[in-house]
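Close look at the chain arrangement
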Amino acid sequence: MAASSSRNGANVLDLKCSHFVEPQGDQRASIVWLHDKDEHFTDSVQFVKSLKLKNVNWICPPIVYTNTSYDFGSNIKQDDREALDSAAKFVADLLLREPLNVVKGVGGFGMGAVVALQFATNCALGHYPINPRVVVGINGWLSITGSITSSIEYTVGAVARAASQKIFFTRGAGNLYFPL
């Protein structure tokens, strides 16, 4: 299996290694679901199966988060940002392979949520030829320090792309966190 990686961050296996939970009805959505740094992609598979959403094609890629220096968004290093951007690009590559007529989305737990939010931000800024309609983050954080508002305001089309994203971001507590 070929691996791509950034210097210190997330190593992702090639696209063929992702696990798919195929829809049980007509496919209306494709969602990449990302696991946390101390979990395995099979945890994501188990979670998305428990949702029983019959019209969603779930894509659960194996990602190895090799850098544990992430400091919950405060002043992350350039290498760390490059690792997140690499993982976000991988998500874009996965979703670009999906049918054009389905809703695209991304979500995850912990570091998976961080990557999902990084992907959504990069999409709003026009870094990929795709924009998710659905973004879900559970127990994660926004990795960008400073104001992303000014970046979005001064990037052509970014305000409209950001406005079209439906983002649900939550911090689990007790039974709110989805045990796998």
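Look up: the structure comes first, before these words.
Summary of the structure given here. Please read all numbers here as calculations on a predicted model, not as lab measurements. Residue positions are given per chain, counted from 1 along the sequence in the order it is written. Selection of residues for local features in this predicted model requires a pLDDT of at least 70, selection of side-chain atom pairs for listing and counting requires 80 or more, and totals for whole chains, interfaces and linings are taken over all residues. Excluding hydrogens and water, the side-chain values take into account all heavy atoms of the structure.

**Some thoughts on unusual backbone geometry**
The phi dihedral of K52 is positive, around 55 degrees, even though this residue is not glycine. Positive phi, close to 60 degrees, is recorded for N139, a residue that is not glycine. Tracing the backbone shows N139 in the loop between strand 8 (134–138) and helix 4 (148–153). The buried label goes to any residue with under 20% of its type's maximum accessible area, the exposed label to any with over 50%, and the partly exposed label to all in between, with areas taken from a 1.4 Å probe on protein chains only. Its relative accessible area of 16% is what places N139 among the buried residues. Secondary structure elements follow DSSP: runs of H or I of four or more residues count as helices, runs of E of two or more count as strands, with numbering from the N terminus.

**With respect to the environment of G140**
Looking at the element boundaries, G140 is found in the loop between strand 8 and helix 4. On the basis of relative accessible area, G140 is assigned to the buried category, the value being 10%. In the structure, G140 is positioned 29 residues away from F169 in sequence and 8.1 Å away in space, judged by C-alpha atoms. Two residues form a contact once any of their heavy atoms are found within 4.5 Å. Contact partners of G140, with chain neighbours within four places excluded, come to G110, A113, V114, F169 and R171.

**Remarks on the environment of D85**
Residue placement: D85 occurs in helix 2 (residues 78–96). Once the C-alpha coordinates of D85 and N122 are considered, the two residues, 37 residues apart in sequence, prove to be 8.1 Å apart. Look past the residues within four positions of D85 in its chain and what remains in contact with it is Q118, N122 and Y128.

**Comments concerning the side chain of S30**
Assignment of secondary structure puts S30 in strand 4 (residues 29–34). What S30 contacts, discounting residues up to four positions off in sequence, is N57, L95, E98, P99, V102, V103, K104 and G105.

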